Every structure is written in structure tokens, then in C-alpha cells.
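# Descriptive analysis of the structure
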Amino acid sequence: MEIQAACLYCRARMSQKPLTYADAGVSIEAGNALVKTIGPLAKSTARPGADAELGGFGGFFDLKRAGYTDPLLVAANDGVGTKLKLAIETGRHDGVGIDLVAMCANDLIVQGAEPLFFLDYYATGKLDNEVAAAVVASIAEGCRQAGCALIGGETAEMPGMYPGGDYDLAGFCVGAVERDKVLTGADIAPGDGILGLASSGVHSNGFSLVRRIIAERGWKLDEAFPSAAGKTLGDVLLEPTRIYVRPLLPLVQQGRIKGLAHITGGGLLENIPRVLPDDCHAIIDTDHWELPAIFRELQTGGEISGEEMARTFNCGIGMAVVVAEGEADGVTQALEGAGETVFRIGRIEQGQRGCSVTGEGWSATHHA
């Protein structure tokens, strides 16, 4: 029986044509063509320490050429999340790469680190070179904004893993900081002030809730957004995450900032305490800035409580900056001169490590 089964198997094999990787849905030629397309994009991000040439098995970075003497390396990785679904639905792929870089690079600057180089991972069921090139072009733009080099990446075509034109993104960024310049937040103390840097919108967090609201309320991504002339709801939601590296890095290196909190998943409530010492509590007053229109629409559309807003969304504040009271005005002036919109959003008080968000219609406290 075993011999007969083997013979039947052999006959079945003999009746089939030889299979190739392309028959399985993966095009090596398309992947090679994409590499040639994105090579110049990577080259445009070159900086001291990296020439951003693609094609090797790994990317090199020269810390000595970058000017470091006793550096610590800091690494961060992240994705864009379900914001990608909106990009795919609208055919707008020219901003998600900036989101990808921002989520990593902003996490490095809060440690005091300068982003040095970036690598991306693009995975899809069927490679569409036009879409992939648009995504990588936006990654390169994010790298230019953050001052880091795109030194490599990976494109994976995986039939059966992703339906239709879906794709996913992940990014990995490495930065460096001189050992004596690491930003730990250890010297934050009661009496310090908290500045808030305006976000560019929802950034890249909370989109599972955003999409739930859109679905339940029947909102259309192509409908005009009332308070944004000439823009649709999709345009406003897909606005790329702001990258705060360039305006903050000089101030960090000058020792004028005590702590930074990147406001991502967990919102204001849960991110600010991450940089505070055990005996410090942050008080955030939402009356000190106007909640952007997109957040007002989301809060109303989803009937979301103030507490849920404060732990899910950035609510218009993309980065919290803790400074000594005597530095608040000078740091504000420097950041505004670098193009940032700055609000005085709160203060540090004695108490259990955590954050309280107060203001009209807002009352929420989180202890870390």
C-alpha cells in the first residue's frame, strides 16, 4: 500500500508544471524594481555617519563621524496602527511614513537622544510598487524631518497574510546621547512648569476608537470637514504626526529641559507620569488651550467622557515639556522661534507620581 501510494504521488507530481515563487504570488522582479526606485529616496536622507546606500545585508553607521565621544545608544520601534486602514481606504499613502518615523524619533528625543538612523519593514499580500514607493517616500520625508538616515529596510510580499491591497508598517530607530546628557527627569521638582507643544492632529493613536465612531455614526471620509477649509474628514484624520526632534534637541543639549513626555497611547494621563520622580504629580489644566475641532467632533460623536479622552488621545498636545519655572518663558520663546505652537498647560506639585487633568468638563487622575 505504501508503494502504491508513493507511485500515485509521483504520477501527480509528473502531471504538474514546475512551480516558481511567482506562482505562489511573490514577484522577485517587482521587489528588485522597488529597491531601485527607493534607492534615491534613501540617499536623500544621508547625514554625517551614514551615506544611506541600500543593497547590503545591513546598514552601517559611524558614531565617530557623527561627532560622539562617549555615547549611549537608544533604540525605539513602533508602527502606525489602524490609521493605516484609513490610508488604504482613501488611497492616501503620502503621510503614513512620516507617522512611522515620528512614533520612533519622538520617543528617542524624550531620552535626550538624537535620532541617527532608521529602518523600516513593509509587509503586504501583493506588492504594489506605486503604493510601496509612496510609503517609502513618506518614510524618507520623516527621516529628513527628524535628521536621521534611512539606512535599510525590508519589503515582504506574503500572499494569504494580508487581504486585498492591505499592508502593514513597522519601524526601528536608533539614536545616541552623550552619557552626561541623558534626560531622565530625575531633577523634576514641585514648582516646575509644564509646557505643551501643539499636535498636528490625532497623530497615530486611538484610531481603533476613531474608526468605531466613523462606522457607528456613518461618517464619510470624503465629506468636507467644516472647520478646515478645503479639507475632508479623511484629510484631517490622516494629517501626519508632528516630529519634534529639531526644535527640542538644542534645548535638551543645553540642559534647559528637565523632562519630556511624548503623548501617544495612554494620552496625557498615562504618558506624563512616565518621566516624573516618585514624589511629583502633574496637574494639567485643559482651559489653557483650545481643544482642536477634530477632537471635539470625536468626543461628541462617540459621547466620550473627558477621562476617556485624556487617556486615549493627545487632545491637541503632542509633547509635554517640563522646565524650571525660571526657564519657562525662555524655552517657550525658543520653541516658538523654531516654529512650534506652545501652551503653558500645567505645573508639578508634591504628591504621588501621577497626573491629574482638570478643566471645564474634565476631571481625571492617574497614579503611576
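To keep things clear, this report deals only with the structure shown in the data block. (Residues numbered from 1 in each chain as written. Predicted model: local features only at pLDDT ≥ 70, side-chain atom pairs only at ≥ 80, totals over all residues. Heavy atoms only, no water.)

Mapped onto the elements, Glu178 comes out in strand β4 (residues 167–178). For the buried Glu178, no salt bridge is present, and the opposite-charge side chain at shortest range is Arg179, 7.4 Å distant. In terms of polar contacts, Glu178 uses its side chain to reach the backbone amide nitrogen of Thr69, at 3.0 Å. Setting aside anything within four residues of it in sequence, one finds Glu178 in contact with Gly67, Tyr68, Thr69, Asp70 and Pro71. (Helix = DSSP H or I, 4+ residues; strand = E, 2+ residues; numbered from the N terminus. Buried < 20%, exposed > 50% of the residue type's maximum accessible area, 1.4 Å probe, protein only. Lys, Arg positive; Asp, Glu negative; His and termini not counted. Salt bridge = Lys/Arg side-chain N within 4 Å of Asp/Glu carboxyl O. Polar contact = N/O pair within 3.5 Å; in protein donor to acceptor, adjacent residues only side chain to side chain. Contact = heavy atoms within 4.5 Å.)

Moving on, we get to the packing of aromatic side chains. Under the defined criterion, the tally for this structure stands at three aromatic pairs. Plain terms: the ring middles of Phe61 and Phe117 are 5.5 Å apart, the flat faces sit at 35° to each other, and that makes the pair tilted. In this pair, Phe61 sits in the loop between α2 (28–43) and β1 (71–79) while Phe117 sits in strand β2 (residues 114–124), placing the two residues 56 residues apart along the sequence. For the pair shown, Phe61 and Phe117 are each scored as buried. (Phe/Tyr/Trp six-rings, centres within 6.5 Å; stacked < 30°, edge-to-face > 60°.)

Even without glycine at this site, His203 takes up a positive phi of about 60°. Within the element layout of this structure, His203 appears in the loop between β5 (193–198) and α6 (207–217). Judged by relative accessible area, which is 1%, His203 ranks as buried. Its identity as a non-glycine residue notwithstanding, Glu303 has a phi of 50°, on the positive side. Here Glu303 lies in the loop between α10 (293–302) and α11 (306–312). Classification of Glu303 as exposed rests on a relative accessible area of 67%.

With that settled, consider helix α3 (residues 83–90). Along α3, the positions that sit buried rather than exposed are Lys83, Leu84, Leu86 and Ala87. The buried side chains of α3 occupy one side of the element, clustering within an arc of 160° when seen end-on. In this structure, the buried residues of α3 make contact with α4 (96–109), β4, α6 and α7 (233–237). (Arc of directions from axis to C-beta.)

What follows deals with α6. All buried positions along α6 are accounted for by Phe207, Val210, Ile213 and Ile214. The buried residues of α6 occupy an angular sector of 115° when the element is viewed end-on, so they sit on one face. For α6, the exposed residues set more than 90 degrees away from the buried face come down to Arg212 and Ala215. Looking at the buried positions of α6, the neighbouring elements they touch are α3, α7 and α10. Taken from the residues just after α6, Gly218 is the one with a positive phi, measuring 70°.

The final tally for this structure, using the stated rule, is 19 salt bridges. The closest approach of N and O atoms between Arg311 and Glu270, which form a salt bridge, is 2.7 Å. On the criterion of sequence distance, the pair formed by Arg311 in helix α11 and Glu270 in helix α9 (residues 267–271) is long-range, its members being 41 residues apart. Exposure remark for Arg311: the relative accessible area of 23% places this residue in the partly exposed category. The salt bridge partner of Asp278 is Arg353, with a shortest N-O separation of 3.5 Å. You can see Asp278 sitting in the loop between α9 and β7 (280–285) and its partner Arg353 sitting in the loop between β9 (342–350) and β10 (354–359), a full 75 residues away along the chain. Residue Arg353 is classed as partly exposed on the basis of its relative accessible area of 24%. Within the structure, one salt-bridge network assembled from shared partners comprises Arg92, Asp94 and Asp235.

Strand order in this open sheet of seven strands is β6-β8-β5-β9-β7-β10-β11, and the pairing throughout is mixed. The sheet is open, and its two edges are formed by β6 (259–262) and β11 (362–367), each paired on a single side. Averaged over all neighbouring strand pairs, the angle between strand axes comes to 20°, with direction disregarded. Relative to β9, β5 is paired through five bridges, and the arrangement is antiparallel. Within β9, the position partnered with Leu197 by the bridge is Val342. Against the sheet, α4 makes contact with β6 and β8 (317–323), and its axis sits at roughly 160° relative to β6, the strand it touches most. (Pairing = 2+ DSSP bridges. Axes fitted to C-alpha atoms, helices over the stretch in contact; angles between N-to-C directions.)

Counting buried positions along β5 yields six of six residues, so the element is predominantly enclosed. Where burial is concerned, the two faces of β5 agree: the one with Gly193, Leu195 and Leu197 and the one with Ile194, Gly196 and Ala198 are both buried. With six bridges joining them, β5 and β8 adopt antiparallel strand pairing. Each bridged residue has a counterpart across the sheet, and for Ala198 the counterpart in β8 is Ile317.

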